Amino acid sequence: MRSITFYFRVFWLFLLLTSWNVSQAQSIKWHDSEDAYFQIQSNQIVRLELPDQRSQILVSAEDLRTEANQTLSIRDFTFSDDGKKLLIYTNTKRVWRLETQGDYWVLDLQSKKLQQVGKDLKASSLRFAKFSPDASQVAFVSEYNLYVEDLESSKTTQLTFDGNRKLINGTFDWAYEEEFASRDGFQWSPDGKRIAFWQLDANQIRDFYMVNNTDSVYSQIIPVEYPKVGESPSPAKIGVIELADQELTWLNIPGDPAQHYLPRMEWNSPDLLLLQQLNRKQNQSKIFAVDISKNEAKVIFEEEDEAWIDVLSSWENVYALTFRHEFQWINNRKEFLWFSEKGGWRQLYRISLDGKETPITPGEYDVINLLRVDEKNNRIYFHASPENATQKYLYAARLDGKGKAERITPEVLEGTNVYSVSPSGKFAFHQFQNAFTRPMGEWISLPDHKSLDEGRSIIANLSKNQEEKKVEFFKIKTEDGTEMDGWMVKPNDFDPTKKYPVVFYVYTEPWGANVKDTYGVGRNRLYDGDMAADGYIYISIDNRGTPAPKGRAWRKSIYRKIGRLNIADQAAAAKQILEWDYVDPDRVAVWGWSGGGSATLNLLFQHPEIYKTGVSIAAVANQLTYDNIYQERYMGLPQENLEDFVAGSPITHAKNLQGNLLYIHGTTDDNVHYANADMLVNELIKHGKIFQFMPYPNRSHSISEGEGTNAHLKKLYTDYLKRHCPPGGR
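Here the structure is a predicted model, which is why all the values come from computation and not from measurement. (Residues numbered from 1 in each chain as written. Predicted model: local features only at pLDDT ≥ 70, side-chain atom pairs only at ≥ 80, totals over all residues. Heavy atoms only, no water.)

1. Comments concerning the environment of glutamate 375
Inclusion rule: Working definition: helices are DSSP H or I runs of at least four residues, strands are E runs of at least two. Numbering for both runs from the N terminus. Nitrogen and oxygen atoms within 3.5 Å of one another constitute a polar contact, given that in protein one can donate a hydrogen and the other can accept it, and given that sequence-neighbouring residues count only through two side-chain atoms.
As for its placement among the helices and strands, glutamate 375 is situated in the loop between strand 28 (367-374) and strand 29 (379-384). Only 2.9 Å separates the side chain of glutamate 375 from the backbone nitrogen of asparagine 331, close enough to count as a polar contact.

Now the structure itself:
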């Protein structure tokens, strides 16, 4: 279950492209050892050198022309370690959320020879192809099996033979991909003699059946192996294949594979592999060092949390096509960097292979994400915002953990600052925006944060990119002392002597925060028109449990309380807002998508005295219908505390509906299943509740497929809101 933020991705891309130098950052690939980077420009790969931005076309469109006289369209690319060959990803297809399946071609940058990898296999069936360390071979996954191809002879060797939809080699099932961002499931050893890979056994995982009723006069069944909360995970194991003789060894990892997860794995040396194991409740983490020759695993680091341990955070770009949560090696691979919240804040530690740990970002603030390690200068760069959780800045700290973190972003740039730092740590691409400043970009030097082109610097061009301030940020403190951040957009012709309707936008769960100082933050993409011009007050508030950089206690207070704590916080804040002189308590609406849809239902059902109208989209109506990794992480096991799942589920409170409800769901939603809609509708009917229901046939969680869908959804949403929560001051 994901925040509606995910579905703003296309909208944000449009905004980012409004600035030429911001658009540059969208496809940056840094050179490993030089102050240069590569980009896709007009289907060519261009090399650009810093600091002067001198450019050179590395791969032209002509270089991408095949023997069949077709020009490859570049979706992504990777270099061989020696930089002499290029692996081009093209002809892609979507798998669940992302286009992680397609065709791969190798281009020799010297001879310009272009050859397809796995050309005898099904078109667009290859996943995660990667060069061997010496670039003589390419390994990949196709149809749930691993292959390796010798580039000189073009001979393809199949390495596994048992793969199928239920026995998955080299990639992952729906739940691992959705909740751990685990997609790429194999790695070459540093010497190129072995390949380590995950195998997931989903044979014991029951299929959830989606039904396609629109593409044929007979219904088509779409099965998805989907472990519901309360069901054991797909057992995962890691195998190592010796390429010389294709001998396969399954690593001897302690524990019951049906009661733990293996979200991380990476080679340290040709004979040493590190992996992370989480118990099923995800509140115990162990890092094993596995001696491959002896097949012995020993724990070198472990921690526990009373709630859960994050493998990922929503601050990371987990939807990036090439995202991998790797071990960050330092000190000639004798140590690695690791995030932990055990001190009350999300901090970085350096961990040695014998388990010795050293904190390197001590202090009462959260490290949002690590950007770059500059070992030469004993420095790390990271995002943080100790003073304002709605914003983001660049900080630097000493890699040895001595001294305090230093803010690098200039004080004048208040808002959201995002950086991509070069491997040398000398340069970075810097993006800035806030609620009234369009996204801007510049190249800077580090650590002085000096623009490489003063005429195009952000500060020099700040005023021309600023707009009238329409979004107001505020804090609200409830009776129990909880202080929450919020934003508000008032009507254009606001008159404080009149009363206006208020529309709350909610998400409220541990995967998404709405209150961020970013451009466009107060816009409602579903509203067909301008809410401020029509006379609405639009508000969003982040309650406890949302992933804001406010410390562990803030984020994990929601453990076992989804559907209760978040709802209580939202309602307590709304009660205060309804006391404002210019808010009409009889015209109060709320809406949300996915987890926000669930919150919308709970707010309508649990607090009908506050919320009069709600629009709920793709909601989890019954927490027992969602996947085990997400729901058990934040709620525990239903076998142990079923009452918490029941108390937090909207369906439990449906009998209390008094206001106006528009409920929307896609019938082939593989994330939050359409069964939620049937269950909730049935419960509302049982209690004689009148509501409006809109199923979108054969649409997924984004409800974006099909001609006219987006326009129809906007009209439906807007019409319902205007009829049941009329705009304008009174």
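2. Things to note about the sheet that holds strand 26 (residues 347-352)
What counts is decided by this rule: Two strands qualify as a pair provided that DSSP identifies no fewer than 2 bridges between them. The axes are straight lines fitted to the C-alpha atoms, using for helices just the contacting stretch, and the angles between their N-to-C directions are given from 0 to 180°.
Reading across the sheet, the four strands line up as 24-25-26-27 and stay open at both edges, with antiparallel pairing between neighbours. Either end of the sheet is taken by a strand with one partner, and the two such strands are strand 24 (328-330) and strand 27 (357-359). Each strand of the sheet is rotated relative to its neighbour by a mean of 35°, with strand direction disregarded. Direction of pairing for strand 26 relative to strand 27: antiparallel, over a ladder of three bridges. Within strand 27, the residue paired with arginine 350 across the bridge is threonine 358.

3. Examining the UniProt feature "domain: Dipeptidylpeptidase IV N-terminal" (unreviewed entry) in the protein
Put simply, the rule reads: UniProt positions are given in the numbering used here, feature names are shortened, and annotations may be inferred rather than shown by experiment.
In the numbering used here, UniProt assigns the feature "domain: Dipeptidylpeptidase IV N-terminal" (unreviewed entry) to residues 80-436. Segment residues 80-436 splits into 2% helix and 48% strand. End C-alpha atoms: 43 Å apart.

4. A closer look at a negative patch on the surface
The following threshold applies: To count toward a patch, a residue needs a relative accessible area over 30% and no salt bridge; like charges are then connected within 9 Å, while nonpolar side chains (Val, Leu, Ile, Met, Phe, Trp, Tyr) are connected within 5 Å. Only the protein chains shown count as cover for residues, and all accessible areas are computed by the Shrake-Rupley method using a 1.4 Å probe. Each salt bridge in this description consists of a side-chain nitrogen of Lys or Arg and a carboxyl oxygen of Asp or Glu lying within 4 Å of one another. Only four residue types enter the tally: Lys and Arg on the positive side, Asp and Glu on the negative side; His and the chain ends are excluded. In this description, the location of a charge corresponds to atom NZ of lysine, CZ of arginine, CG of aspartate or CD of glutamate. Burial here depends on accessible area, computed with a 1.4 Å probe over protein chains only, as a share of the maximum for the residue type. Under 20% is buried, over 50% is exposed, and the range in between is partly exposed.
On the surface, a cluster of negative charge is made up of Asp32, Asp81, Asp82 and Asp134. Structurally, aspartate 81 is set in the loop between strand 5 (76-79) and strand 6 (85-95). Owing to a relative accessible area of 60%, aspartate 81 belongs among the exposed residues under this scheme.

5. Some points on the sheet that holds strand 43 (residues 692-696)
The condition is simple: Contacts between residues were defined by any pair of non-hydrogen atoms, one from each residue, lying within 4.5 Å.
Taken in spatial order, the eight strands line up as 36-37-39-38-40-41-42-43 in an open sheet, and their pairing is mixed. With partners counted over all chains shown, the strands left at the sheet margins are strand 36 (471-477) and strand 43, one partner each. Neighbouring strand axes in the sheet, compared pairwise and without regard to direction, differ in orientation by 20° on average. Relative to the sheet, helix 10 (residues 675-686) contacts strand 42 (660-666) and strand 43, its axis offset from that of strand 42 by approximately 155°. Across the sheet, helix 11 (residues 709-724) touches strand 38 (500-505), strand 40 (583-593), strand 41 (613-617), strand 42 and strand 43, and the angle it forms with strand 43 is around 175°.

6. Some remarks on the packing of aromatic side chains
We apply this condition: A pair of Phe, Tyr and Trp rings is counted when the ring centres sit within 6.5 Å of each other, with Trp represented by its six-membered ring. The angle between the planes then sorts it: under 30 degrees is stacked, over 60 is edge-to-face, the rest tilted. We call a charge positioned above a ring when the Lys NZ or Arg CZ atom is no farther than 6 Å from the ring centre and deviates by at most 35 degrees from the ring normal.
Per the counting criterion, the structure on display carries 37 aromatic pairs. Where tryptophan 30 meets tyrosine 37, the ring centres are 5.8 Å apart and the plane angle is 65°; that geometry is what we call edge-to-face. Taking the relative accessible area as the measure of exposure, tyrosine 37 reaches 0% and is therefore buried. In textbook terms, an aromatic cluster arises when at least three aromatic residues are bridged by ring pairs, as seen for Phe172, Tyr176, Phe180, Trp198 and Tyr261. Of note, lysine 130 hangs over the ring of phenylalanine 186, and the distance from its end group to the ring centre comes to 3.3 Å. We note lysine 237 situated over the ring of tryptophan 250; from NZ or CZ to the ring centre the distance is 4.1 Å.

7. What to know about the nonpolar core
What counts is decided by this rule: We call a set of buried residues a nonpolar core when its members are Ala, Val, Leu, Ile, Met, Phe, Trp, Tyr or Cys and they connect through side-chain atoms within 4.5 Å of each other.
Counting residues in hydrophobic clusters, the biggest one holds 51 residues, and the most contacted among them are Tyr176, Ile238, Leu251, Leu262, Leu273, Leu275 and Trp511. Going through the elements one at a time, helix 3 (174-180), strand 15 (194-201), strand 16 (207-212), strand 18 (236-242), strand 20 (260-269), strand 21 (272-279), strand 22 (284-291) and helix 8 (628-635) are the ones with two or more residues in this core. Excluding anything up to four places from it in sequence, isoleucine 238 contacts Phe197, Trp198, Thr249, Trp250, Leu251, Leu262, Met265, Leu273 and Leu275.

8. Notes on the side chain of asparagine 417
Within the fold, asparagine 417 resides in strand 32 (residues 416-421). With relative accessibility at 0%, the residue asparagine 417 sits in the buried group. Only 2.8 Å separates the side chain of asparagine 417 from the side chain of histidine 430, close enough to count as a polar contact.

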